[in-house]
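So you can see what is in the structure, the chains are spelled out below.
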Amino acid sequence: MIDELRRLREEALDAFAKARDAGELERLRVRYLGRKDGLVSGVLRRLGSLSPQERPSVGAAANRAKKLLAEALQDRLGEVTAARPETERALDLTLPPRRKWRGSIHPVSQVIDDIWRIFESLGFARARGPEVDTEWYNFVALNTPLDHPAADEQDTLYLAPGLLLRSHTSPVQIRTMERYPPPIRIMAPGMVYRRDTYDATHTPAFAQIEGLVVDEGVTFVDFKATLAEFARRFWGPGTQVRFRPSFFPFTEPSAEVDVKRVIVREDGREEETDWIEIMGAGMVDPAVLDNVGYDSERYTGWAFGMGPARVAMLRHGVRDLRLFYENDMRFLGQFT
Ligand code: PHE
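Since this is a predicted model, take the numbers as computed values, not measurements. (Residues numbered from 1 in each chain as written. Predicted model: local features only at pLDDT ≥ 70, side-chain atom pairs only at ≥ 80, totals over all residues. Heavy atoms only, no water.)

Visitor: How do you make sense of the overall build of the chain when you look at a structure like this?
Guide: A count of helical and extended segments in the chain gives 11 helices and 12 strands. The C-alpha atoms of the chain give 40 Å as radius of gyration, which overshoots the globular expectation for 336 residues (20 Å, by more than 25%). Summarising its shape, the C-alpha atoms of the chain cover approximately 125 × 55 × 35 Å along the three principal directions. Counting only contacts in the chain whose residues sit at least 6 apart along the sequence, the fraction spanning at least 24 positions is 64%. Accessible area for the chain stands at about 19,700 Å²; split by element, carbon and sulfur atoms hold 51% of it. For the chain, the distance from the average site of its 47 positive side-chain charges to the average site of its 51 negative ones is 15 Å. (Helix = DSSP H or I, 4+ residues; strand = E, 2+ residues; numbered from the N terminus. Rg over C-alpha atoms; globule rule 2.2 N^0.38 Å. Contact = heavy atoms within 4.5 Å. Areas by Shrake-Rupley, 256 points an atom, 1.4 Å probe, with all protein chains shown as cover. Lys, Arg positive; Asp, Glu negative; His and termini not counted. Charge placed at Lys NZ, Arg CZ, Asp CG, Glu CD.)

Right, dumping it as structure tokens:
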């Protein structure tokens, strides 16, 4: 009977291991461990036919086998039920697919890239400078005295005395001229920071793109012609450009540059837009050239600073500047 028990045990363990689901295991439980007709119970029932000396050891072996099989069955049941939901999940065709995220260029960066490509074809190089800068680079070297309103704490984000988040990309003009002799033709895109209220047309952090040209014999005609050429390449050949007198401490004369575009309406008719201001610009003030050690009798130049987010608003008909800076994928995902 001990041999019979051993055989039963091996057979049962083998069957449990092969079982695939809870139903099959339940049938095996009844077959081996069932109270009435189970095979192990059958052995126990036959104990009576043994001699009193044999009975205790065979009885103990049968109980051990019963306990071992009950545990093995429980373990296997745990395995098959844990495996099942996994399989079902893998096969659930009603779930929405997991889409791959595909990144795209931010609409403001797209504008910067497009502006850059035009100036690159005109012979400009790319330059950059730090976002944390000193009063010297941000104001003083740019001919802006520290009592100028732009340098006021109301307008500028100071980090420490004399150290601030740059309020425009113009300090890159100074840094470039300090490092390189003329001729200079650069474009410098980057973030700038001002103490502005966050509203539909202002954000305290925004992108600018700076342009600077310095060489012998550079005139106001070069300045106007290059910017007009840029505007026509960027917005189309019908684009008109207007230079309005203005003031910046680092340019003289200074101008605000406006464009009037021709847009094609849905019904196919062409329509002129209003004048829209796109940049501040002007002829580089000789004092700025003196500050970097250039000979201001020999060299002249012009510069501009443009806000690509404004340009992106015009391009896409977006009315609220904040949308570009809130990282809402539903919005940004439309500009791929
Ligand atoms: N730095 C000026 C601004 O941020 C723009 C500018 C750049 C004007 C270069 C003239 C020349 O308002």
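Visitor: How should the sheet that holds strand β6 (residues 205–216) be read in this particular structure?
Guide: By way of backbone hydrogen bonds, the strands of a sheet pair with one another, either parallel or antiparallel. Pairing within the open sheet is mixed, and its 7 strands lie in the order β1-β5-β6-β12-β11-β8-β7. Both outer strands of the open sheet, β1 (125–126) and β7 (240–248), are each paired with one neighbouring strand and no more. Of the pairings in the sheet, the one linking strand β11 (residues 276–284) to strand β12 (residues 299–306) comprises 5 bridges and is antiparallel in character. Residue Gly280 lies in a different strand from β12, and its bridge partner there is Gly305. With respect to the sheet, helix α8 (residues 220–235) is in contact with β7, β8 (251–260), β11 and β12, its orientation differing from that of β11 by roughly 155°. (Pairing = 2+ DSSP bridges. Axes fitted to C-alpha atoms, helices over the stretch in contact; angles between N-to-C directions.)

Visitor: What is the right way to look at the pattern of salt bridges in this model?
Guide: Pairing is possible between side chains of opposite charge, provided their charged atoms come close. In this structure the tally under the stated criterion is 23 salt bridges. Among the salt bridges present, the one from Glu216 reaches Arg298, with a minimum N-O distance of 3.4 Å. One end of the pair, Glu216, is in strand β6; the other, Arg298, is in the loop between α9 (286–291) and β12, and 82 residues separate them in sequence. By relative accessible area, Glu216 is classed as partly exposed at 47%. The partner of Asp328 in a salt bridge is Arg330, and the shortest N-O contact between them spans 2.7 Å. On the basis of relative accessible area, Asp328 is assigned to the partly exposed category, the value being 27%. Sharing partners across several salt bridges, the network here consists of Arg242, Arg244, Asp258 and Glu277. (Salt bridge = Lys/Arg side-chain N within 4 Å of Asp/Glu carboxyl O. Buried < 20%, exposed > 50% of the residue type's maximum accessible area, 1.4 Å probe, protein only.)

Visitor: Help me out: how do you make sense of helix α1 (residues 2–18) in this one?
Guide: Residues that lie three or four places apart on an α-helix share one face, since the helix turns once every 3.6 residues. In this model, α1 (17 residues) spans 25 Å end to end at C-alpha, consistent with the 24 Å of a helix rising 1.5 Å per residue. Of all the positions in α1, only Leu5, Leu8, Ala12 and Phe16 are classed as buried. Here the buried residues of α1 occupy an arc of 65° about the axis, which is enough to place them on one side. With respect to the buried face of α1, the exposed residues turned more than 90 degrees away are Asp3, Arg7 and Lys18. (Expected span 1.5 Å × (residues − 1). Arc of directions from axis to C-beta.)

Visitor: What exactly am I supposed to notice about the sheet that holds strand β4 (residues 163–165) here?
Guide: Strand order in the open sheet formed by 3 strands is β2-β4-β3, with antiparallel pairing between adjacent strands. Sheet topology places β2 (132–134) and β3 (158–160) at the edges, where each strand pairs with a single neighbour. With strand direction ignored, the average angle separating the axes of adjacent strands in the sheet is 40°. Here β3 runs beside β4; their pairing, made up of 2 bridges, is antiparallel. Residue pairing across strands places Ala160 opposite Leu163, the latter belonging to β4.

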